[in-house]
Amino acid sequence: MRRITSAINPASAEFKTRAARNRARVAEFREMQRAARDDRPERDIRRLEKHGKMRPRERLELLLDPGTPFLELSSLAANTEYDGESPGASIITGLGIVSGREVIIHADDSSVKGGAWYPLSVKKIVRCLDIALENHLPVIHLCDSAGGFLPMQNQVFADRYMAGRIFRNQCLLSKAGIKQLALVFGQCTAGGAYVPGLSDYNVIVRGTGAVFLGGPPLVKAATGEEVTAEELGGAEMHTSVSGTCDYPAETEEEAIAIGREIVQQWEKPKKWECQRDDPVPPHYDPQDLYGILPDDIKKGFDMREVIARIVDGSRFHEYQPDYGTTLVCGFANIWGWKVGVLGNNGVLFNDSALKGAHFIELCNQNNTPLVFLQNITGYMIGREYEREGITKDGAKMIMAMTCSHVPKFTVMCNGSFGAGNYGMCGRAFDGRFMFAWPNSQIGVMGGEQAANTLADVKAAQMKRNGEEVDDTVLEALRETTGKAYMEQLSAYYATSHLWDDGIIDPVDTRNALGMAITSALNAPLGTPGYGVLRL
Amino acid sequence: MGHDTPPFKRILIANRGEIACRVIDTCRRLGVETVAVHHLSERNARFVRLADASAEITGDTPVAAYLDAEQIIETARETGAEAIHPGYGFLSENSGFARAVEAAGLVFIGPAPDTIDLMGDKIRSRRFAEENGVPVAPSVTGGEDIDAFVEKAASIGFPLLIKASAGGGGKGMSIVEGKQDLLTRARTARSEAERYFGDPTIYAERYVERPRHIEVQVLGDGQGKVLHLFERECSVQRRFQKIIEEAPAGHLDPALRDEICAAAVRLSEAVAYRNAGTVEFILAPDGTFYFLETNTRLQVEHPVTEMVTGLDLVALQLDIAAGRGLPLDQPDITLTGHALECRVCAEVPEQDFMPATGRILHLDPPAGDNIRFENGLREGADVTLDFDSMLAKLVVAAPDRPAAIDAAKQALERTVLLGVETNLNYLARILSHPAFRDDPLHTGFVAEHQAALAEPDLSPHVAARVLMAAALTFREFRTLAFDAPEPYASIGGWRN
Amino acid sequence: MKLKLRLNGTPHEMDIAALKPDLELRIDGRGHALRETGGTGALRHARIDGEDITYHQARSGNRAFLHLGGRTWIVEFVDPRDAAREKVQGSGDIRAPMPGVVVSVEKQPGDPVTAGDTILTIESMKLQTNLTAERDGVLAEILKSEGDVFEKGAIVARLQEEEDGDA
């Protein structure tokens, strides 16, 4: 494979302007992330200390193998919701290594409102367990939650993908032979009791850990019985009388030590043997990405330059280099793994859509995982293209992508609009992991276009009512609709609602994909086959 | 020396470990066949494998087996051994055993049974020494008439050491500084003696401050000819056991040396001593010396004498026992250079020298022309509490004492013995102490320098190095350090 | 996850900071580099903090015996579960191993105790058991008296807290 030849000039004015803008963006992202992870009200920290509890990230560091990475997912979940009262949605999830084994971790953040589950907290946990199911990753739960956030119970409780889904997923994980370990650091109440209850192994900390379907206040209200939390569902009782918990621990450190020893007993899974070469860092500096990405969503860039800063040795074997040039397709290695990369260099036309579908088929034929690098405003529209069958060509690409039996991974590098999002493996299409860059935007159409369209619709409505519509009114309309719309386009809005698995610094993409791909190999490949391709 | 045939065709060694290996070594050289006896627990021991033949002996405990005289003599007869070498400890100073051996028609490689009886009795041997012009520490026995005892004791001079007559091991001993305490101390000593040993008899003797333990190696042909092979100093002791011995004694006036050796010979001649023995003395700082006792056997520390005289004591023992007499005269025996012996023991010096157990996981002893590493060790052998805690004797010779100290220190540092706690570091610290090199030794050396001899604080740099080397041996560490899955290990401790 | 090792009875903490390209460790807060460079059996070579060293090693269970720099060393590996417990061992709570009744109380609050001393005697299912001190210390309180009934796991007595739970 040959190295991509870069045309980027880091000394150019354009590069420097872009780099400055993007570095500032990333700095802003890092600060938001830091605040979401670390800033906590004084009294919440005090409360933890008083009970001899560690902060959740301290537990995480003791749990993980030293010198190994941790890929945190959706660190900015709920950042636009609940008036900021649930940073990270009060949950920490991520991929890590414990006792030499790949695991996914779900940790309740009890330093936020006692770790109460908001609606997005539940969504984040469900997503974590969905990842576990799809990738056959063992789960470690660090339980320390006050339970569902009662004031918002209508968004937490009843529906199919609400809290019950957590426990349903736990059952199916167990059925699939995917192990779960729960470390009970706090009170697991009501539904929360089922997290350790449905885990294959659990450890409970004496004095602070408790598991009960109804806590002391509820019991008192229901039957008049007065009982302490420790007596009702503490370590002593559950490990020696009811058998609900397996191991008592005197301290949180001991619980973690026991947990690590439990994981040490687990068999190491057989992984699907994806093609692999020795990993090599990219030849070009990933920091160049800051100067490559435009400061304006409408401006373009050559996706090959991005690929060159992600893949091993910056080496790329391009497929159909002269055909369908608005979609770059080719083979490369990421942290050694052979992958098929699809990246946008403009709008999707008939030829690029066909090329994409064909390349996806080649990758499935070759058992090569797919990596989608999105920068797409959509498929080409217009009479000429419709006559040539752009709709069905787009459909073929979507069909091939959806029915792929190889794992898929998506990075939203810039724009992710309309049907282009679909074709390039948007959220709905079962990619194993989906990441977004801080500059990215996602929506049914671009901001300006949406503003114009909405303004036009509004103007037409006004005219039908006999109202006067002039340029100033139109301009005002565009502004108001635009502003609201823009907020909902931003990566922060999307990640807040868990429409992706987290915003990442572009420079971290190779590591994130490397870990994601490696973890994904724990699940066996699916069955090959496609639905009908409308030819 | 002058004989073509071996002194014996075959002998049995009624001992084990290091000394059994030592005796076998000389026997091999001389062409004497050896029979080893061993308890079941030591069937794979080095001394058993080195011997030409071996037989199992039984006992309730391993030690009991080696004390079973009847069994041992029976085994000697069955295996065709002509003589029995008793080593040291066990039955070596048991006159009953010696008699039984001779009654069985075998040769006992050691002194005559009567000599063993005489020298084994503290009171009889002291009186015998006195009668033969060998100085003894003035002492007074008794105590029934407390006032008479106190008066006689006071006349010995202070400080006094009061001991229980039937006692030992440091119990019931006390030092009295002046006359004012004597009466009360005597009374307490009597009641303690009664309580611990069932016999209230006490005796008081002159307490020598900073006494040196000087002993003389003698060899007698049993016909009246006695030679001395100069002295050894064994003052460095812990728990009343010697741990460092040397030949000759350091900082010793030659005239005094001659006097002490002459006294030892005089005493041994008086009893027509047969075979090897050691006459032990206490030497006071002012040059006066007192007879302590005679050990009627080969001693643990005999190699230092061998290294400075160039003689093989075991070979001479065999010659004498075979009736070949002493093949040399006193003028033939000369001192060349200086030798040091360190007793490497399985113990924890920091915990009052408590014996340690374990297994010999790896052994790489120092070697060289001037080095002997006397041991009965074998890699894989267990170190138990069944026997004495001494694992090996590191013996080093050099042209003079300072050189010997340096050589011994280097040899200790070079000794690799892994699998059980040992006093190797501790011995090296003793040899490094300036007082060991520059000052006259005394039996309180270890106690006097206890603080200085303690394990020094570790610098973080050294500690880290040791910890890292140790970590590499632990599977838990190795798994974390070397078996982390890829690409995670290469990505490292990255956080997004 | 930190590893705990004991050298000459003193505990040390070891953390791995990096795995590749070279092993980087943190020991008692200081950074170090370690690489195995060869050797088999007892004789080993390593490069520690840039210096080549040769040493002998043998391990039995959780004890490593080393000969390094002219001295013999013994380093004990403390299993992480034991290390985590050691912090609490000094808590000195004496718990009843089964439900029963107190037969007699042998010590009073304020009494010094040595490890193994009987603090109280209990009876349970016709069997008498002595509850003893796990370590040396001073008895802080007795929570049950003669004739009192208790359930399994109940704290019946407490030793005073130790200053240093790591010794």
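Owing to the predicted nature of the structure, the values given are computational and were not obtained by experimental measurement.

## Quick notes on the overall build of chain A
(1) Moving on: On a plain count of helices and strands, chain A comes out with 20 helices and 16 strands.
(2) Moving on: Here the C-alpha radius of gyration of chain A, 25 Å, is about what a compact globule of 535 residues would show, namely 24 Å.
(3) Moving on: Looking at the 535 residues of chain A, the share that counts as buried comes to 53%.

## Side note on the overall build of chain B
(1) Moving on: Scanning chain B from N- to C-terminus turns up 20 helices and 23 strands.
(2) Moving on: Relative to the 2.2 N^0.38 estimate, which gives 23 Å for 496 residues, the radius of gyration of chain B is 25 Å and therefore close to what a compact globule would have.
(3) Moving on: Along the first, second and third principal axes, the C-alpha set of chain B runs to 90 × 65 × 50 Å.
(4) Moving on: Long-range contacts, defined as pairs at least 24 residues apart, comprise 66% of the intrachain contacts of chain B with a sequence gap of at least 6.

## Here we look at unusual backbone geometry
(1) Moving on: Here the residue pair B:Phe158 and B:Pro159 is connected by a cis peptide bond, since its omega of -5° sits within 30 degrees of zero.
(2) Moving on: Of the consecutive residues C:Lys20 and C:Pro21, the connecting peptide bond is found in the cis state with omega at -5°.
(3) Moving on: Structurally, C:Pro21 can be placed in the loop between strand 2 (10–18) and strand 3 (23–27).
(4) Moving on: Its identity as a non-glycine residue notwithstanding, A:Ala78 has a phi of 65°, on the positive side.
(5) Moving on: Along the chain, the position of A:Ala78 falls in the loop between strand 1 (71–73) and strand 2 (91–98).
(6) Moving on: The backbone phi angle of A:Gln320 is positive, close to 45°, even though this residue is not glycine.
(7) Moving on: Tracing the backbone through its elements, the reader meets A:Gln320 in the loop between strand 10 (317–319) and strand 11 (327–334).

## Let's talk about the packing of helix 13 (residues 350–365) of chain A against helix 15 (residues 390–402) of chain A
All names here are of chain A.
(1) Moving on: One can describe the packing of helix 13 onto helix 15 by two numbers: an axis separation of 8 Å at closest approach and a directional angle of 20°. When the interaxial angle is binned, helix 13 and helix 15 end up roughly parallel. Judged by the sense of rotation from one axis to the other, the crossing of helix 13 with helix 15 is left-handed. Of the residues in helix 15, those in contact with Asn350, Ala353, Leu354, Gly356, Ala357, Ile360 and Glu361 of helix 13 are Ile390, Asp393, Gly394, Lys396, Met397, Ala400 and Met401.
(2) Moving on: Considering only residue class, the contact of helix 13 with helix 15 consists of eight nonpolar, three polar and three charged.

## So, the nonpolar core
Most often, soluble globular proteins keep nonpolar side chains buried together rather than apart.
(1) Moving on: A:Val184, A:Ile307, B:Ala408 and B:Leu467 are the most contacted members of the largest nonpolar core, which has 310 residues in total.
(2) Moving on: Looking at this core, the element that brings in the most residues is helix 18 (residues 460–471) of chain B, giving eight residues.
(3) Moving on: If we ignore the near neighbours within four places in the chain, the residues touching A:Ile307 are A:Ile4, A:Phe316, A:Ala332, A:Val341, A:Gly343 and A:Leu373.
(4) Moving on: Among the nonpolar cores identified, the runner-up in size contains 13 residues, and B:Ala153, B:Leu160, B:Ile162 and B:Leu182 belong to it.

## Some remarks on the interface of chain B and chain C
(1) Moving on: Tallying the contact residues gives 37 residues for chain B and 40 residues for chain C.
(2) Moving on: At the level of elements, strand 18 (358–359), strand 19 (362–364), strand 23 (416–418), helix 14 (424–432), helix 18, helix 19 (475–482) and helix 20 (488–491) of chain B are the ones that each hand at least two residues to the side of chain B that touches chain C.
(3) Moving on: Of the residues forming the side of chain B that touches chain C, the biggest block, ten residues, is contributed by helix 18 of chain B.
(4) Moving on: For the side of chain B that touches chain C, the per-class residue count stands at 21 nonpolar, nine polar and seven charged.

## Here's the deal with the domain arrangement of chain B
(1) Moving on: Taken domain by domain, chain B holds domain 1 (10–109), domain 2 (138–206), domain 3 (212–453) and domain 4 (457–496).
(2) Moving on: A C-alpha centroid distance of 45 Å is found between domain 3 of chain B and domain 4 of chain B.

## What about the packing of helix 17 (residues 447–464) of chain A against helix 18 (residues 471–489) of chain A?
Residue and element names in this part refer to chain A.
(1) Moving on: Helix 18 packs onto helix 17 with a crossing angle of 135° between their chain directions and a minimal axis gap of 8 Å. Taken together, the axes of helix 17 and helix 18 lie oblique to each other. In the packing of helix 17 onto helix 18, the handedness of the crossing is right-handed. Packed against helix 17, whose contacting residues are Gly447, Ala450, Ala451, Asn452, Leu454, Ala455, Lys458 and Ala459, the element helix 18 presents Leu474, Leu477, Arg478, Thr481, Gly482, Tyr485, Met486 and Leu489 at the interface.
(2) Moving on: The residue inventory of the contact of helix 17 with helix 18, partitioned by class, reads ten nonpolar, four polar and two charged.

## Quick word on the pairing of strand 4 (residues 30–40) of chain C
All names here are of chain C.
(1) Moving on: Direction of pairing for strand 3 relative to strand 4: antiparallel, over a ladder of five bridges. Bridged to Leu25 within strand 4 is His32.
(2) Moving on: Hairpin remark: strand 3 followed by strand 4, antiparallel, with two residues in the connecting loop; positive phi at Asp28, about 50°.
(3) Moving on: Relative to strand 5 (residues 43–48), strand 4 runs antiparallel, the two being bridged by six bridges.

## Overview of the domain arrangement of chain A
Residue and element names in this part refer to chain A.
(1) Moving on: As assigned here, chain A comprises domain 1 (40–265) and domain 2 (286–444 + 490–520).
(2) Moving on: If you average the C-alpha positions of domain 1 and of domain 2, the two centres end up 35 Å apart.
(3) Moving on: Domain 1 puts 21 residues into the contact, and the matching count from domain 2 is 14 residues.
(4) Moving on: No other element matches the six residues that helix 4 (residues 119–135) contributes to the side of domain 1 that touches domain 2.
(5) Moving on: A per-class count over the side of domain 1 that touches domain 2 returns nine nonpolar, five polar and seven charged.

## Looking at the interface of chain B and chain A
(1) Moving on: Listed as interface residues are 14 residues of chain B and, on the opposing side, 20 residues of chain A.
(2) Moving on: Secondary-structure elements contributing two or more residues to the side of chain B that touches chain A are helix 19 and helix 20 of chain B.
(3) Moving on: Ranked by residues supplied to the side of chain B that touches chain A, first place goes to helix 20 of chain B with three residues.
(4) Moving on: Partitioning the side of chain B that touches chain A into residue classes produces seven nonpolar, five polar and two charged.

## A closer look at the sheet that holds strand 7 (residues 201–205) of chain A
Residue and element names in this part refer to chain A.
(1) Moving on: The strand order across the open sheet built from seven strands is 1-2-3-4-5-7-9, with neighbouring strands paired in mixed fashion. Taken across any chain shown, the strands that pair with only one partner, and hence form the sheet edges, are strand 1 and strand 9 (247–249). Each neighbouring strand pair of the sheet contributes to a mean axis angle of 20°, computed without reference to strand direction.
(2) Moving on: In the sheet, strand 5 (residues 180–184) pairs with strand 7 via four bridges, with the strands oriented parallel. For Val184, the partnering residue across the bridge sits in strand 7 and is Ile204.

## Some words on helix 19 of chain B
(1) Moving on: Among all positions in helix 19 of chain B, only B:Phe477, B:Leu480 and B:Ala481 are buried. End-on, the buried residues of helix 19 of chain B take up no more than an arc of 95°, which puts them together on one face. Opposite the buried face of helix 19 of chain B, by more than 90 degrees, sit the exposed residues B:Arg475 and B:Phe482.
(2) Moving on: Summarising the contacts, the buried residues of helix 19 of chain B are in contact with helix 18 of chain B together with strand 1 (3–7), strand 2 and strand 3 of chain C.

## Some points on helix 1 (residues 13–38) of chain A
Residue and element names in this part refer to chain A.
(1) Moving on: In this model helix 1 runs 37 Å from its N-terminal to its C-terminal C-alpha over 26 residues, within 8% of the 38 Å that 1.5 Å per residue would give.
(2) Moving on: Of all the residues in helix 1, the buried ones are Arg18, Asn22, Val26, Phe29, Gln33 and Ala36.
(3) Moving on: Those residues of helix 1 that are buried are in contact with helix 11 (289–292).

The rules behind each value
- Residues numbered from 1 in each chain as written.
- Chains lettered and ligands numbered in written order.
- Predicted model: local features only at pLDDT ≥ 70, side-chain atom pairs only at ≥ 80, totals over all residues.
- Helix = DSSP H or I, 4+ residues; strand = E, 2+ residues; numbered from the N terminus.
- Rg over C-alpha atoms; globule rule 2.2 N^0.38 Å.
- Buried ≥ 20, exposed ≤ 12 C-beta atoms within 10 Å, placed from the backbone.
- Contact = placed C-beta atoms within 7 Å.
- Axes fitted to C-alpha atoms, helices over the stretch in contact; angles between N-to-C directions.
- Parallel < 35°, antiparallel > 145°, perpendicular 65-115°, else oblique.
- Left-handed = near helix turned anticlockwise from the far one by under 90°.
- Nonpolar A, V, L, I, M, F, W, Y, C, P; charged D, E, K, R; others polar.
- Core = buried A, V, L, I, M, F, W, Y, C linked by C-beta atoms within 7 Å.
- Domains from an automatic or database assignment.
- Pairing = 2+ DSSP bridges.
- Arc of directions from axis to C-beta.
- Expected span 1.5 Å × (residues − 1).

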